[in-house]
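# A closer look at the structure
Okay, here's what each chain looks like letter by letter:
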Amino acid sequence: MSDALINGLAGAGGGIIAQLITYPLQTVNTRQQTDRDPKKNNKSLGTFQQMCQVVKHEGWERLYGGLTPSLVGTATSQGVYYYFYQIFRNRAEAAALEKKMLGNGDGSVGMFSSLIVAALSGCVNVLLTNPIWLVVTRMQTHKKESKRTIPDPRLSDATEQKLLSTVEPHAYGTSHVIQEVYDESGVLGFWKGVLPTLVMVSNPSIQFMLYETLLAKLKKRSASNTVSALQIFLLGAIAKLGATVVTYPLLVVKARLQARQVKNGDKRHHYKGTRDAILKMIRYEGFNGFYKGMGTKIVQSVLAAAVLFMVKEELVTQTRFLLGKNVPNTLKP
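The structure reproduced in this document is the subject of the present report. What you are looking at is a predicted structure, and each value in this text was computed from that prediction instead of being measured.

### Some details on the overall build of the protein
Counting secondary structure elements, the protein contains 11 helices and zero strands. Each of the 333 residues in the protein was classed as buried or not, and the buried ones make up 48%. Taking the contacts inside the protein whose residues are at least 6 apart along the sequence as the reference set, 80% of them involve residues at least 24 apart. Only carbon and sulfur atoms are counted for the fraction: they give 63% of the accessible area of the protein, which is about 17700 Å².

Written out as structure tokens, the structure is:
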């Protein structure tokens, strides 16, 4: 088994575990990102309160809406990413050693090379898995809704809201979402939001650049050239925190484009493309709209990344041990 395949499978396993642990936070965050009512800014609920509201009005299952395609997407995405990342990383390391033999450099992969490696891996990953994440976004933002389109003036706002929250929606499984997207925009509709998502490869690029740089420095300080699982956990958290803060606005734009849009409704809520979405968000919501749900995202993504890195590295270590591969471990035994 190649080292790239080992890393790919380990990344998929780590991603699934991280996704299962943090999925309710991801669902709430996606809803926060796609909330297009600027009047709610001053009275928005906190993450925990919003989770309670979802459970109260829609049931526990809505916190896990789209979990099945999300797990498929996570396994595929992490597997593809780590597989190609290791391939590109091996080539970068070989090039660095070749330069060292020619008297140029110390044989290590620099920060810029790490950034390029992560970016290339991210682009391959995005192009292959964007349709899966579009389906997940649709299912996460699907809410129970009333079939009545005309409000009843005889009912108070509280009564109206209570009635709205108790109406069951039609079935909305994976196959329904796929059919809906295809009916709206055809095959190309599954790549909605791909442009900001491609730009978003800077997120894992920045994340891995920070992670690899911090890991290399930590290993140099270690007498045995190894680091503990706890240190890997903290490094993953720090790297993801830095990357998320920088790229969060792009994540919001991507979520807006992938969520269901009512074409006959308010034109402020219908986006024709990336540029149109950005301009309308600035005009009707201000720059605060680009940071909706950022607190929830930081908690969710940092926790998920930390778990993923820790589990992935442990799986790689144990797999190499079982296969008898003489590859240096990154974790202490």
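### A few points about the side chain of Arg89
Position of Arg89 relative to the elements: it lies in helix H3 (residues 67–101). Arg89 gets classed as buried once you look at its relative accessible area, which sits at 11%. Non-local contacts of Arg89, meaning those with residues more than four positions away in its chain, are made with Val109, Ser114, Val117 and Glu212.

### Quick notes on helix H2 (residues 47–58)
Each α-helix turn comprises 3.6 residues. Residues three or four places apart therefore point the same way. Helix length check: H2, at 12 residues, gives a terminal C-alpha distance of 16 Å against a target of 16 Å (1.5 Å per residue), a fit within 8%. For H2, the complete set of buried residues consists of Gln50, Met51, Val54 and Glu58. The arc that holds every buried residue of H2, seen down its axis, measures 105 degrees, which confines them to one face. Turned more than 90 degrees off the buried face of H2, the exposed positions are Phe48 and Lys56. Elements in contact with the buried residues of H2: helix H1 (3–33). Looking one or two residues past H2, Gly59 carries a phi angle of roughly 95 degrees, positive in sign.

### Brief notes about a nonpolar patch on the surface
On the surface, a nonpolar cluster with roughly 460 Å² of combined accessible area is contributed by Met1, Leu5, Leu9, Tyr83 and Leu323. Within the secondary structure, Leu5 is located in helix H1. Taking relative accessible area as the criterion, Leu5 reaches 35% and is therefore assigned partly exposed.

### Comments concerning the pattern of salt bridges
Oppositely charged side chains can pair when the atoms bearing their charge come close. Considering all chains together, one arrives at 10 salt bridges under this definition. When the shortest N-O distance is used, the salt bridge between Lys192 and Glu184 registers 3.7 Å. Relative accessible area serves as the criterion here: at 24%, Lys192 is assigned to the partly exposed category. For the salt bridge of Lys280 with Asp276, the shortest nitrogen-to-oxygen distance reads 3.3 Å. Separated by four residues within a single helix, Lys280 and Asp276 lie in helix H10 (residues 274–285), roughly one turn from each other. Given the relative accessible area of 18%, Lys280 is considered buried. The network of salt bridges with shared partners includes Arg138, Glu180, Glu184 and Lys192.

### Some thoughts on the packing of aromatic side chains
For the coordinates displayed, the defined rule picks out seven aromatic pairs. Between Tyr211 and Phe309 the ring centres are 4.1 Å apart and the planes differ by 20 degrees, which places this aromatic pair in the stacked class. With a gap of 98 residues between them, Tyr211 in helix H8 (residues 202–221) and Phe309 in helix H11 (residues 294–323) connect regions that are remote in the sequence. Ring plane angle 35 degrees and centroid distance 6.3 Å describe the contact between Phe287 and Phe290, whose orientation is recorded as tilted.

Reading the values: the criteria
Residues numbered from 1 in each chain as written. Predicted model: local features only at pLDDT ≥ 70, side-chain atom pairs only at ≥ 80, totals over all residues. Heavy atoms only, no water. Helix = DSSP H or I, 4+ residues; strand = E, 2+ residues; numbered from the N terminus. Buried < 20%, exposed > 50% of the residue type's maximum accessible area, 1.4 Å probe, protein only. Contact = heavy atoms within 4.5 Å. Areas by Shrake-Rupley, 256 points an atom, 1.4 Å probe, with all protein chains shown as cover. Expected span 1.5 Å × (residues − 1). Arc of directions from axis to C-beta. Patch = residues over 30% accessible without salt bridge, like charges linked within 9 Å, V, L, I, M, F, W, Y side chains within 5 Å. Salt bridge = Lys/Arg side-chain N within 4 Å of Asp/Glu carboxyl O. Phe/Tyr/Trp six-rings, centres within 6.5 Å; stacked < 30°, edge-to-face > 60°.

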